[in-house]
Amino acid sequence: MTENLSARSRLVHDALRAAGIPGEIVVLPDAASTAALAAAALGVEVGAIANSLVFRCDGAPLLVMTSGAHRVDTAALAARLGRGRISRATPDQVREATGQAIGGVAPTGHPAPLETLVDEDLAGYPQIWAAGGTPHTVFPMTFDELVRLTGGRVVSVV
């Protein structure tokens, strides 16, 4: 089954299995590099898409898993966390931190663990979908599985 996956998606698959998460990676015919595209391809609400957004905060990468229905309010989030400025990572910084390209960043399968925040609103969906390491791959999981997989802190991101 994994023989049809890219090397990046195989890393994600292996991390899912190591965490005991059964969701299978789905290869989409067209790139789904935005929450709206992924939702349309899967026939789900855009809010059920768990966007993996990489930011920089206090000199380090910060992964924010947010509902596709939201835009992260970086100023409010920084204040809520008692941290310095949070800014979007550049494409090179995203690839360095995750090993993956923007539009396909998974919540796992990175070269090293990342500090992760998980949008509390994702808990409102019985099943959520996240990128599987490329813009053409996604996989399903529950909110609790996402939190366990990432070791993320559940917060409001808006």
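Residues numbered from 1 in each chain as written. Predicted model: local features only at pLDDT ≥ 70, side-chain atom pairs only at ≥ 80, totals over all residues. Heavy atoms only, no water.

## Regarding the overall build of the protein
From N to C terminus, the protein includes five helices and eight strands. Reading the secondary structure of the protein in the N-to-C direction produces α-β-α-β-β-α-β-α-β-β-β-α-β. A compact globule built from 158 residues would reach a C-alpha radius of gyration of about 15 Å, and the protein, at 14 Å, matches this within 12%. Its C-alpha atoms give the protein principal-axis dimensions of roughly 45 × 30 × 30 Å. Burial analysis of the protein (158 residues in total) assigns 49% to the buried set. (Helix = DSSP H or I, 4+ residues; strand = E, 2+ residues; numbered from the N terminus. Rg over C-alpha atoms; globule rule 2.2 N^0.38 Å. Buried < 20%, exposed > 50% of the residue type's maximum accessible area, 1.4 Å probe, protein only.)

## Some words on helix α5 (residues 143-150)
Within α5, the full set of buried residues consists of F143, E145, L146, L149 and T150. The arc enclosing the buried residues of α5, seen along the axis, measures out at 160 degrees, which places them on a common side. Just past α5, the residue G151 takes up positive phi, approximately 65 degrees. (Arc of directions from axis to C-beta.)

## Some words on the pairing of strand β5 (residues 115-119)
Burial of β5 is extensive: four of the five residues sit out of reach of the surface. Bridging between strand β3 (residues 60-67) and β5 involves four bridges; their strand directions are parallel. Among the inter-strand pairings, L63 is bridged to a residue of β5, identified as T116. Strand direction decides the pairing type here: β5 and strand β8 (residues 153-155), joined by three bridges, are parallel. The partner of D119 across the bridge, within β8, is V155. (Pairing = 2+ DSSP bridges.)

## Section: helix α4 (residues 91-98)
Each full turn of the α-helix corresponds to 3.6 residues, which orients residues three or four apart in the same direction. All of the buried residues in α4 are V94, A97 and T98. In an axial view of α4, the angular spread of the buried residues amounts to 80 degrees, which keeps them on one side of the axis. Set apart from the buried face of α4 by more than 90 degrees, the exposed residues are D92 and E96. Of the surrounding elements, those touching the buried residues of α4 are β2 (49-57) and β3. (Contact = heavy atoms within 4.5 Å.)

## Regarding the pairing of β3
A regular strand carries its side chains on alternate faces of the sheet. The buried fraction of β3 is high, at six of eight residues. When β2 meets β3, the two strands line up antiparallel, connected through eight bridges. Following the sheet pairing, S52 is matched in β3 by M65. Between β2 and β3, which follow one another and run antiparallel, lie two residues, and D58 among them has a positive phi close to 55 degrees.

## Quick word on the side chain of T134
Locating T134 in the fold gives a position in the loop between β6 (128-131) and β7 (137-141). Of the polar contacts made by the side chain of T134, one reaches the side chain of T137; its length is 3.0 Å. Apart from residues lying up to four places away in sequence, T134 is in contact with S6, R8, S9, G103 and G104. (Polar contact = N/O pair within 3.5 Å; in protein donor to acceptor, adjacent residues only side chain to side chain.)

## Points about the nonpolar core
Among the nonpolar cores identified, the biggest contains 24 residues, and L16, A50, L122, F139, M141 and L146 are the most heavily contacted of them. Every element with two or more residues in this core is listed here: α1 (7-18), β2, β3, α4, β6, β7 and α5. Top element by residues in this core is α5. It accounts for three residues. Those residues in contact with A50 that lie beyond four places of it in its chain are M65, T66, L122, I128, W129, A130 and L146. Counting 13 residues, the second-largest nonpolar core is a separate cluster that includes L53, L62, V64 and I86. (Core = buried A, V, L, I, M, F, W, Y, C linked by side-chain atoms within 4.5 Å.)

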